[in-house]
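Breakdown of the fold
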Amino acid sequence: MFNRLLRVDLSDQEFKKDRVEEEILRKFIGGKGVGLRLLVEEDTSNDPYDPSNPLIFVTGPLTGSTVQTSGRSAIVTRSALTKTFLDSHAGGHFGPAMRRAGWDYLLIKGASQEPVYLLVTPKGTEFGDAGDLWGLDVFETEKILRKRHGGSRVACIGQAGENLVRFAAVGTELFRHYGRGGAGAVMGSKRLKAVVVEGDEAIGFHDSDGLREQAVGLTRDLKGHPDVERRHELGTMMWIRMGQETGRFLPTRNFQKGSFEQYEGITAEAMKRELNWTSKGCYGCGVIMCSKVSRWDGREMEGPEYETTAFLGSGCELKDAREIAEANWLCDKYGLDTISTGVSISFAMEAAEKGLLGLEDNRRIRFGSAEAVHSLIREIAFKEGIGDTLAEGTRIASRRIGGGSDYFAIQTAGMELSGVNPLGSYSMGLALATGDFASHTRLWTATAEMNGELSLEELPRVIVEGQNEINARNCFIVCDFLPYGLDRLVLLLNAATGFEYTPDEIMEAGARMQSLSRMYNLRKGRTHEDDTLPLRFFEEESFAGLMEGKKIPRDLFEKQVQEVFSLRGWDEEGMPRPQTINELGLEPP
Ligand code: SF4
């Protein structure tokens, strides 16, 4: 069973049990795909903060199984940051617990008059008074609710979500977050402080014995996989050294540079030493276990990850592991996406350097100042002073600040870029500009480019196929770090669903999602003008990768965007052509 849909209306405090139709499951698999399909059907909003914007918690057919890394879940909604499609993923135990509470999808619409939290169990849904929780941070909220509802799992917002910071996250298990795109702000607009799931129902799979048998084989093979040991030892933080020494794409000084002179203070090795790391896995992840628990100065936290370190660390030129860990802890506490927070702060630092802020902010907001970073995180969460402007994201902040600051507002279609500096990895720039939103979680081509395995000619095809595959993996849902392709994963999926997919059908489902999310995005205001990168990346020389020593030529970039469109069966503006819509089994817009 992976069709169980619970509909919740916060305005009327009603809930309704429903089922996702089998045809939708076949075409969209689960997770991101089914969430997208539900969003397109349900969302009549004029703005992400309209009560009619659905907030959809989704799991995949493998969620909660014994398959390694299958504990992940996602929130699908209209992004507060980009005002277009968002699927934001988190590890931890919330997804499996949601399935054990009886639900595969949880679709929340409406808005409550007063702060509320949901308690979802196999019996139904209760609307709990959250008056005593409103104003509390993520850590306090989760602790209180888990104590109040023993055996439960919690997803909640902190003050940033309550205050409608456009990149507010939804936290779970204290340090894990549905981080990107402002799902926390959408939750705050509904005055929904938390979702609590509780239950012990068995999760049903089509062929439980077959799935278990395959999961055992996967675990065995994973233990001997050559990529696993390094990822287990260093986690995502291994990318700091590689991005610096090999790739030269480490986002530094608000993307002005691709390497950071003081990077030795923020590498995985430095973090391990300074923060006394121990390894930890998400639910169902007992081999890779890339997460790191840090302990320092009386604090304990999971993280920092590479992205957090790249944007709150080298991006702002912080050179000390503990300073970055403290920034990470503050973001987790208030419920902020560490990536957009880091990029917004480094944007402010460059603006201050150019004298574009007020006198006092120009003086205090300096690259390298941990004091400024830590203070700005709080100011953003509570929308105080310049924090009120930065809380809108860099696209809107640059419009308010003016003075040509759009040149260094590092965003595409409203989303702060993540992953790498495109001046060190051109392929990532093209992938970010053509994704459903500009995140490294849509596709990671930096390794192949760094290793000289990509050519300019093949890049559009690589991007299209890669985006399709990641879309599919985000439906199952398995972690990006599981080092196996669709040929193997499809066997697991078939055991879970009984649908007998082929790898080609799965890739087609990924293409279907990309076209549907594109149609949705165009409907919600994205235009072809948004399919680009900030000015900085066309005006300054690349440090490494396919464009090393050159500026990215605009005409080549646009030509490659058009090649991506053409391979997808989209017109010059990026609208899927009628024939494509028909072939993919989609409804015309
Ligand atoms: S590999 Fe890391 S992120 Fe992926 S499931 Fe395991 S611990 Fe979580």
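Position labels on residues start from 1 in each chain and follow its written sequence. Only residues with pLDDT of at least 70 are given local features in this predicted model, and only at 80 or more are side-chain atom pairs given and counted; all residues enter the totals for whole chains, interfaces and linings.

Let's shift gears to the overall build of the chain. We count a stretch as a helix when DSSP gives it H or I for four or more residues in a row; a strand needs E for two or more, and each element gets its number in order from the N terminus. For the chain, the helix and strand inventory stands at 25 helices and 17 strands. For the exposure call, what matters is how many other C-beta atoms sit within 10 Å of a residue's own: 20 or more marks it buried, 12 or fewer exposed, and in between partly exposed, using C-beta atoms placed from the backbone. Counting all 589 residues of the chain, 59% fall into the buried class. Considering only intrachain contacts with a sequence separation of at least 6, the fraction spanning at least 24 residues in the chain is 69%. Contact between two residues is assigned when their C-beta atoms, built from the backbone, lie within 7 Å.

Throughout this description, a residue near a molecule or strand is one whose C-beta atom, derived from the backbone, lies within 6 Å of it. Neighbouring the ligand are Thr69, Gly91, Gly281, Cys282, Cys285, Ile288, Met289, Cys290, Ser291, Cys479 and Phe481. Each residue receives one of three labels: charged for Asp, Glu, Lys and Arg, nonpolar for Ala, Val, Leu, Ile, Met, Phe, Trp, Tyr, Cys and Pro, and polar for the others, Gly being one of them. Tallied by class, residues from the shell around the ligand come to 7 nonpolar, 4 polar and no charged.

Note that the domain bounds were set by an automatic or database domain assignment. Segmentation of the chain into domains returns domain 1 (4-197), domain 2 (226-409) and domain 3 (425-482 + 502-583). Once you take the C-alpha centre of each, domain 1 and domain 3 turn out to be 28 Å apart. With 32 residues of domain 1 in contact, the opposing surface of domain 3 contributes 23 residues. Breaking the side of domain 1 that touches domain 3 down by element, the ones donating at least two residues are helix 1 (22-28), helix 2 (31-42), strand 4 (73-78) and strand 5 (85-90). Looking at which element gives the most residues to the side of domain 1 that touches domain 3, the answer is helix 2, with 5 residues.

The pairing of strands in a sheet happens through backbone hydrogen bonds and is either parallel or antiparallel. The 6 strands lie next to each other as 8-7-12-9-10-11, forming an open sheet whose pairing is mixed. Edge positions in the open sheet fall to strand 8 (124-129) and strand 11 (176-178), since each of these has one partner strand only. Adjacent strand axes in the sheet meet at a mean angle of 25°, parallel and antiparallel pairs treated alike. Between the N-to-C directions of two axes lies an angle of 0 to 180 degrees, each axis being a line fitted to C-alpha atoms and, for a helix, fitted only over the stretch in contact. Helix 4 (residues 138-148) rests against strand 7 (116-121), strand 9 (153-156), strand 10 (170-172) and strand 12 (192-197) of the sheet, and its axis sits at about 150° to strand 9. If DSSP finds at least two bridges between two strands, the strands pair.

The subject of this paragraph is the sheet that holds strand 14 (residues 291-296). Taken in spatial order, the 3 strands make up an open sheet running 13-14-15, and their pairing is antiparallel. Each having just a single partner strand, strand 13 (278-280) and strand 15 (299-302) make up the two edges of the open sheet. Looking at each pair of strands side by side, their axes are set apart by 25° on average, direction ignored. Each of strand 14 and strand 15 touches helix 12 (residues 321-334); the most contacted strand, strand 15, lies at about 75° to it.

Our next topic: the pairing of strand 8. Pairing geometry for strand 7 and strand 8, over 6 bridges, is antiparallel. Considered in strand 8, the bridge of valine 116 is made with aspartate 129. Here strand 7 hands over to strand 8 after 2 residues, the two strands then running antiparallel side by side.

Where burial is concerned, most of helix 18 (residues 426-434) is hidden: 9 out of the 9 residues are buried. If you check which residues of helix 18 are buried, you get Tyr426, Ser427, Met428, Gly429, Leu430, Ala431, Leu432, Ala433 and Thr434. For helix 18, the secondary structure elements touched by its buried residues are strand 16 (411-412), helix 19 (446-450), helix 20 (459-476), helix 23 (536-539) and helix 24 (554-568).

We now examine the pairing of strand 15. Relative to strand 15, strand 14 runs antiparallel, the two being bridged by 4 bridges. Its bridge partner lying in strand 15, serine 294 is registered against methionine 301. Once strand 14 ends, the chain turns through 2 residues before running back antiparallel as strand 15, passing aspartate 297 with a positive phi of about 45°.

Moving on, we come to the packing of helix 20 against helix 24. One way to put it is that helix 20 packs onto helix 24 with a least axis distance of 9 Å and a crossing angle of 50°. When the axis of helix 20 is compared with that of helix 24, the two are oblique. In this structure, helix 20 crosses over helix 24, and the sense of that crossing is right-handed. Between helix 20, through Leu459, Pro460, Arg461, Ile463 and Val464, and helix 24, the contact on the second element is made entirely by Gln560, Glu563, Val564, Leu567 and Arg568. In terms of residue class, the contact of helix 20 with helix 24 is made up of 6 nonpolar, 1 polar and 3 charged. Each angle receives one of four descriptions, namely roughly parallel if under 35 degrees, roughly antiparallel if over 145, roughly perpendicular if within 65 to 115, and oblique otherwise. By definition, turning the near helix anticlockwise from the far helix through less than a right angle yields a left-handed crossing, and turning it clockwise yields a right-handed one.

A few words now on the environment of isoleucine 266. As for its placement among the helices and strands, isoleucine 266 is situated in the loop between helix 9 (238-247) and helix 10 (268-275). A tally of 28 C-beta atoms within 10 Å means that isoleucine 266 is categorised as buried. For the pair isoleucine 266 and arginine 230, spaced 36 residues apart in sequence, the C-alpha separation works out to 18 Å. In contact with isoleucine 266, other than residues within four places in its own chain, are Ile240, Thr309, Gly313, Ser314, Lys319, Ala321 and Ile324.

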